[in-house]
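A look at the structure
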Amino acid sequence: MPNNVVVLGTQWGDEGKGKIADLLTVNADIVVRSQGGNNAGHTLVVGDKKVVVRLVPSGILHSSCQCLIGSGVVVSPEALFSEIAELKASGITDAESRIKVSAASALLLPIHVAIDKASELKRGANAIGTTGRGIGPCYEDKIARRGLRVGDLYDMDVFKSKLKDLLDYRNFCLKNYYGAEEVSFDSILDGVMQVRDRLLAMVADISAILDDARKDGKKILFEGAQGTFLDIDYGTYPYVTSSNTVAGGCCTGSGAGPRHIDYVLGICKAYTTRVGGGPFPTELDNEIGEGIRKRGAEFGAVTGRPRRVGWYDAVAMRRAVAINSLSALALMKIDVLDGMDELQICTKYRLADGTESDLPPLAAYEYANVTPIYETMPGWSESTIGITKFEDLPVNAQKYIRRLEELAAVPVAIISTGPERDQTIMVANPMA
Ligand code: GDP
Ligand code: IMO
Ligand code: MG
């Protein structure tokens, strides 16, 4: 039975990773985040209670689960502690003691938020449509080796000197390139000092914890954020996020070795959504899309923006299967397709030169110019909400799922029939 399981998005994010991570965590000792930051919004639904976690790993609802934030994550102390306060208000009082953070995680500071917003404004019509959380600029500083890390908080003389250097550069850009207001050294320092001791008390060697846990036979869930096509290398660049969202990123971002991953579960919706700008070949900018958006409540968990909606894209999925070495799929939100006359599945792309392709192109300009080639399947009129057995699904829903499985060439291990934990068909539990 696999002990080390990755749960990640195979599309453009918001696939339902939170629900599945929360569900599988019943059997997990540790949940670790390896990339992204508080741009993520993972919804957990238990009864009539809904919790959205952003920076905190989805295992937080289970009191025996340790929640780790690896070095690949960008950590906004402000966001982290406001999320911990929200969790406390909803009855999870021990969150702070169960979360551990790597000293090597990049610190996301208000200067990054200011740059993110100014840079989006400057891009105008070509804006990425970021979450405005400062994610991109924080990763920029990390890669440019001028960023600050959580561990820099141990020595405040060093911290202040690095912060001064960072602000000299970033404020120069803000003022002179973006024509925006500068962010003051004192305001950032004050904000950090308010939570410094609490944050340092959470610091731990995440890689070592994972290694010990593995040797003890514990169960570890690696929780991905965003999705495969928002990956900085393999996504629809530049309309992507700034981290590696694919399976490889969970090793570099947590400090676990690649040989210690046993199973990779790809989360996908039974259709596709994307929030923000960029190519989206199967987009339904019409009444059908509007219907799916309404039934699926497709509005961002972080920013509240309406999500763009489209048909299921089996071409993109072929890339996601290969790049993430997927073991299986969790197919989400099948209930949202209830009552549709027919469904389309994109099985190939026609490229701008007229040729057909089984795989999505990696060049951005090519991706923007593909035309989807569809296969049509009959829909079903019955409700699938809350169904827990495959054989209880309408026959056409069964056929649709089997066809997606065939096109992806990996099994469907979980089918989700509603937002709640028990609205699930568990074909094969990866962690039980
Ligand atoms: P994540 O970012 O991948 O964790 O996904 P989000 O939480 O941003 O978005 C998924 C949304 O779909 C959330 O509101 C979930 O509660 C909801 N959801 C998850 N699974 C299902 C399902 O099977 N059916 C329906 N109707 N909603 C679902
Ligand atoms: P979860 O984990 C969906 C998108 C933004 C934008 C692009 C870059 O909930 O699936 P960023 O703020 O990261 O620089 O924005 O990436 N994006 C997401 N879309 N789900 C997410 O997270 C996302 N995180 C970022 O909309 O297009
Ligand atoms: Mg989300």
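Residues numbered from 1 in each chain as written. Chains lettered and ligands numbered in written order. Predicted model: local features only at pLDDT ≥ 70, side-chain atom pairs only at ≥ 80, totals over all residues. Heavy atoms only, no water.

**Focus on the site of ligand 1**
Near ligand 1 there are 20 residues, and of these Gly16, Lys17, Gly18, Thr43 and Ser416 occur at the shortest range. Between ligand 1 and Gly16 there is a distance of 2.8 Å, counted from an oxygen atom to a backbone nitrogen or oxygen. Taken by itself ligand 1 offers 580 Å² of open surface, and the protein chains cover 92% of this. A molecule is said to occupy a pocket when more than half its atoms come within 2 Å of that pocket's grid points, and by this definition ligand 1 occupies the second largest pocket. Of all elements in the fold, only helix 1 (17-24) and strand 3 (42-46) reach the threshold of two or more residues within the shell around ligand 1. Within the shell around ligand 1, the residues separate by chemical class into 5 nonpolar, 8 polar and 7 charged. (Near = heavy atom within 4 Å. Polar contact = N/O pair within 3.5 Å; in protein donor to acceptor, adjacent residues only side chain to side chain. Areas by Shrake-Rupley, 256 points an atom, 1.4 Å probe, with all protein chains shown as cover. 1 Å grid on protein atoms, 1.4 Å probe; cavity = no way out; pocket = protein on both sides within 12 Å on 5 of 7 lines; lining within 4 Å. Sits in = over half its atoms within 2 Å of the grid points. Helix = DSSP H or I, 4+ residues; strand = E, 2+ residues; numbered from the N terminus. Nonpolar A, V, L, I, M, F, W, Y, C, P; charged D, E, K, R; others polar.)

**Quick word on the site of ligand 2**
As a structural note, the neighbourhood of ligand 2 is formed by 20 residues, with Asp14, Lys17, His42, Thr131 and Thr241 the closest of them. Val275 is positioned with one of its backbone polar atoms (N or O) 3.0 Å from an oxygen atom of ligand 2. A distance of 3.0 Å separates an oxygen atom of ligand 2 from a polar side-chain atom of Arg305. Protein coverage of the free-state accessible area of ligand 2, which is 550 Å², stands at 98%.

**Section: the coordination of the magnesium ion (ligand 3)**
Donor atoms from the polypeptide that bind the magnesium ion (ligand 3) are Asp14 (OD) and Gly41 (O), placed at 2.0 to 2.2 Å. Linking Asp14 in the loop between strand 1 (4-9) and helix 1 with Gly41 in the loop between strand 2 (30-33) and strand 3, this pair joins segments that are 27 residues apart in sequence. On the accessibility criterion, Gly41 (11% relative accessible area) is buried. (Donors = N, O, S within 2.8 Å, 3.2 Å for Na, K, Ca; no water. Buried < 20%, exposed > 50% of the residue type's maximum accessible area, 1.4 Å probe, protein only.)

**Some points on the packing of aromatic side chains**
In total, this model carries 5 aromatic pairs according to the counting rule given. Between Trp12 and Phe229, the aromatic rings sit 5.4 Å apart at their centres with planes inclined by 40°, giving tilted as the arrangement. Linking Trp12 in the loop between strand 1 and helix 1 with Phe229 in the loop between strand 9 (220-223) and helix 9 (248-252), this pair joins segments that are 217 residues apart in sequence. Classification of Phe229 as buried rests on a relative accessible area of 1%. Seen from their ring centres, Trp12 and Phe280 are 5.5 Å apart, and the 45° between their planes marks the pair as tilted. Taken together, the residues span a long stretch of sequence, with Trp12 in the loop between strand 1 and helix 1 and Phe280 in the loop between strand 11 (272-274) and helix 10 (287-295) at a distance of 268 residues. Given the relative accessible area of 7%, Phe280 is considered buried. What links up through ring pairs into an aromatic cluster is the set Trp12, Phe229 and Phe280. A cation over an aromatic ring shows up here: Lys122 above the ring of Tyr177, its NZ or CZ 4.2 Å from the ring centre. (Phe/Tyr/Trp six-rings, centres within 6.5 Å; stacked < 30°, edge-to-face > 60°. Lys NZ or Arg CZ within 6 Å of the ring centre and 35° of its normal.)

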